[in-house]
Amino acid sequence: MAKKEDAKNPRHGAAVIGDTVGDPFKDTSGPSLNILVKLISMVAVATIGITMAINNGQGLVKLMMQALLR
């Protein structure tokens, strides 16, 4: 536990301010980014079957390349 004299120390004050300012950003951005990563991965998993089923299993990229090269 901090002593009463430590509260007047500039280093202590900077640490308290940094902790107060930094925590809300960490607490709000972390969970939202986690949900975004999970959503993107689930969309990728859900659409890979459809993407690969196009063009007799050759995939969408090969079909697009053939269309561009014509």
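Worth saying up front: this structure is predicted, and the values here are computed from it rather than measured. (Residues numbered from 1 in each chain as written. Predicted model: local features only at pLDDT ≥ 70, side-chain atom pairs only at ≥ 80, totals over all residues. Heavy atoms only, no water.)

> Describe the overall build of the protein chain, and please don't skip the residues or the numbers.
Counting its secondary structure elements, the protein chain contains two helices and zero strands. Relative to its 70 residues, the protein chain shows a buried fraction of 1%. When the accessible surface of the protein chain is summed, it comes to about 6,300 Å², and 70% of that surface belongs to carbon and sulfur atoms. (Helix = DSSP H or I, 4+ residues; strand = E, 2+ residues; numbered from the N terminus. Buried < 20%, exposed > 50% of the residue type's maximum accessible area, 1.4 Å probe, protein only. Areas by Shrake-Rupley, 256 points an atom, 1.4 Å probe, with all protein chains shown as cover.)

> Go over a nonpolar patch on the surface, please, and point to the residues and values.
A cluster of nonpolar residues, L33, L36, L39, I40 and V43, forms a patch on the protein surface that exposes about 470 Å² of accessible area. Note that L33 resides in helix α1 (residues 10–53). (Patch = residues over 30% accessible without salt bridge, like charges linked within 9 Å, V, L, I, M, F, W, Y side chains within 5 Å. Salt bridge = Lys/Arg side-chain N within 4 Å of Asp/Glu carboxyl O.)

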